[in-house]
Amino acid sequence: MSNPNPEAPLRASAPFEALLSQTAERVEAEFIGLLSNGPLATGHRAVPRVPERLQTAMRHAVLGGGKRFRPFLVEHTAALFDVPPSQSIITGIAVELIHCYSLAHDDLPAMDNDILRRGQPTVWKAFDDWTAILAGDALQALAFECLGAKTCHPDAEVRAALTVHLARASGGQGMVGGQVLDLAAERLTDQQVPTSLNAIRQLQSMKTGALIVFSCEAGALLGKAAGSPEHKALSTYGDRLGYAFQIADDLLDVEGDAELVGKAVAKDADAGKATLVSLMGVEAARAALQQTRDEAIQAVDIFGARADVLRQAADFVVKRRK
């Protein structure tokens, strides 16, 4: 079994799935402490006055599921700059908190109206609408608390850069803006629905891709390499990886098994929603997925063999079945 200790070194020679599990165990251990009135990653203690219902809903939103792929990307891009996992994990926690908050909100009846997530009831289904909304709000605030703490990085300028980049990736010009475009295309029938590949690509680069790009760029920011050729390479890698992730996700919606995926499938087709796969066709989407994977791998050539784990991550996205 891999060691969840944040001080344990990353073993890039281990099988990819073992490395992914190692990060997941680190994240789960941090979350348990973060959301149980124990020591926070921020160096403080959880506020005892957090209402029990809210804390329980927050735990439901983040614990016991998920590949923790975004924290994995933070850890392993940071390792390229010799940043230890004991430091990079805090940024990984922050981006995963944002991701989990977005899922709690996206699943709401007012948005995607999903009742199953990671094989269990969604937050609103397990509790109710208002609890899910407020749990998401609290998770978002906690993410930025983590980034602002000295345990995230000793350099205040690095912490500020991480905060600004994550805010952009998760806000109106990133994830939230992409969700607005997605819902507007589905529901505002009096407006032109974006059905071109370029429009869908832009939507998905905001909704899904922005957090993946941040997760890859975070390594360079933590390594004080902002603006460097290495930073730009990781940004390109993240963009191509995010695109591949979305193509794979759309293919899973068409071809996946709900029990294995852990959420409803075929929802986009049932709703008549334009997706990358519906516009390209399944075979063309598979070809685009492979090409995008190749572009992601090429982007990290600058790192040589040190980026082998990132190359494996691109393969993982292409081959995933859940």
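As shown above, the structure is provided for reference.
Quick caveat, the model's predicted, so the values are computed rather than measured.

Asks: How do you make sense of empty space enclosed by the protein when you look at a structure like this?
Replies: Vacant regions in the atomic arrangement are exposed by a probe of water-molecule size rolled over the atoms. Under the defined criterion, the tally for this structure stands at one cavity of 30 Å³ or more. In this structure, the largest cavity encloses a volume near 100 Å³. As for the largest cavity, its lining consists of H60, A61, C100, L103, A104, D107, R117, R118, Q120, P121, T122 and V123. With three residues, the single largest contributor to the lining of the largest cavity is helix α4 (residues 85–106). Of the residues belonging to the lining of the largest cavity, the class tally is six nonpolar, three polar and three charged.

Asks: Which parts of the structure should I look at to understand the layout of surface pockets?
Replies: Volume-wise, the second largest pocket comes out at about 290 Å³. For the second largest pocket, the lining is made up of 16 residues, of which A169, Q173, S205, A210 and V213 are closest to its centre. Among the secondary structure elements, those contributing two or more residues to the lining of the second largest pocket are α7 (156–170), α9 (197–222) and α10 (229–255). When residues of the lining of the second largest pocket are assigned to their parent elements, the largest contribution, eight residues, is made by α9. Residues that form the lining of the second largest pocket fall into these classes: six nonpolar, six polar and four charged.

Asks: Please explain the nonpolar core as it appears in this structure.
Replies: A general tendency of soluble globular proteins is for nonpolar side chains to be buried together. Core analysis: the largest hydrophobic core is formed by 86 residues, its most contacted members being V62, F69, F72, L73, L97, L162 and Y237. Leave out the neighbours within four places in its chain, and Y237 touches L73, C216, A296, A299, V300, L310, A313 and A314.

Asks: Mind showing me how you'd approach helix α15 (residues 308–319) here?
Replies: Since one α-helical turn is 3.6 residues long, residues separated by three or four positions face the same way. The end-to-end C-alpha separation of α15 is 17 Å, in line with the 16 Å expected for 12 residues at 1.5 Å each. For α15, the full list of buried residues reads V309, L310, R311, A313, A314, F316, V317 and V318. Looking at the buried positions of α15, the neighbouring elements they touch are α1 (16–34), α3 (69–78), α10 and α14 (282–299).

Asks: So what exactly am I meant to see when it comes to the packing of aromatic side chains here?
Replies: Here a ring pair, both rings aromatic, is described through the centre-centre distance and the interplanar angle of the planes. Applying the stated criterion across every chain yields a total of six aromatic pairs. Where F69 meets F72, the ring centres are 6.3 Å apart and the plane angle is 10°; that geometry is what we call stacked. One end of the pair is F69 and the other is F72, both in helix α3 and three residues apart, which spans about a single turn. Residues F69 and F72 agree in their burial class; the two are buried. Ring centres 6.2 Å apart and planes at 85° place the aromatic pair F81 and F303 in the edge-to-face group. You can see F81 sitting in the loop between α3 and α4 and its partner F303 sitting in the loop between α14 and α15, a full 222 residues away along the chain. Residue F81 is classed as buried on the basis of its relative accessible area, which comes to 18%. Among the aromatic residues, those joined into a cluster by ring pairs are F16, F69, F72, F245 and F316. Over the ring of F245 we find R70, and its NZ or CZ is 5.6 Å from the ring centre. We note R201 situated over the ring of Y243; from NZ or CZ to the ring centre the distance is 4.1 Å.

Asks: I keep staring at the pattern of salt bridges and nothing clicks. Help me out?
Replies: Pairs can form between side chains of opposite charge whenever their charged atoms are close. The full count for this structure, using the stated rule, is 18 salt bridges. Residues D155 and K224 are paired through a salt bridge, measuring 3.0 Å at the closest nitrogen-oxygen approach. With D155 in the loop between α6 (129–148) and α7 and K224 in the loop between α9 and α10, the pair connects residues that are 69 residues apart, well separated along the chain. The exposure class assigned to D155 is partly exposed, which follows from its relative accessible area of 21%. Taking the relative accessible area as the measure of exposure, K224 reaches 57% and is therefore exposed. Put simply, E283 and R286 hold a salt bridge, and the shortest N to O gap is 2.5 Å. Of this pair, E283 and R286 both sit in helix α14, three residues apart, which is roughly one turn of that helix. We classify R286 as partly exposed; its relative accessible area is 37%. One network of salt bridges, in which partners are shared, links E28, R68, E96 and R118.

Asks: What is the right way to look at the packing of α4 against helix α8 (residues 175–187) in this model?
Replies: Helix-helix packing is characterised by the crossing angle of the two axes and by the distance between the axes. Their axes nearest at 12 Å, the elements α4 and α8 cross at an angle of 20°. It follows from the interaxial angle that α4 and α8 lie roughly parallel. As for the relative orientation of α4 and α8, their crossing is right-handed in sense. On α8, the residues that touch I98, Y101, S102 and D106 of α4 are M175, V176 and Q179. Among the residues making up the contact of α4 with α8, the classes are represented as four nonpolar, two polar and one charged.

Rules of the game
- Residues numbered from 1 in each chain as written.
- Predicted model: local features only at pLDDT ≥ 70, side-chain atom pairs only at ≥ 80, totals over all residues.
- Heavy atoms only, no water.
- 1 Å grid on protein atoms, 1.4 Å probe; cavity = no way out; pocket = protein on both sides within 12 Å on 5 of 7 lines; lining within 4 Å.
- Points joined across faces, edges and corners; volume = space filled by probe spheres on them.
- Helix = DSSP H or I, 4+ residues; strand = E, 2+ residues; numbered from the N terminus.
- Nonpolar A, V, L, I, M, F, W, Y, C, P; charged D, E, K, R; others polar.
- Core = buried A, V, L, I, M, F, W, Y, C linked by side-chain atoms within 4.5 Å.
- Buried < 20%, exposed > 50% of the residue type's maximum accessible area, 1.4 Å probe, protein only.
- Contact = heavy atoms within 4.5 Å.
- Expected span 1.5 Å × (residues − 1).
- Phe/Tyr/Trp six-rings, centres within 6.5 Å; stacked < 30°, edge-to-face > 60°.
- Lys NZ or Arg CZ within 6 Å of the ring centre and 35° of its normal.
- Salt bridge = Lys/Arg side-chain N within 4 Å of Asp/Glu carboxyl O.
- Axes fitted to C-alpha atoms, helices over the stretch in contact; angles between N-to-C directions.
- Parallel < 35°, antiparallel > 145°, perpendicular 65-115°, else oblique.
- Left-handed = near helix turned anticlockwise from the far one by under 90°.

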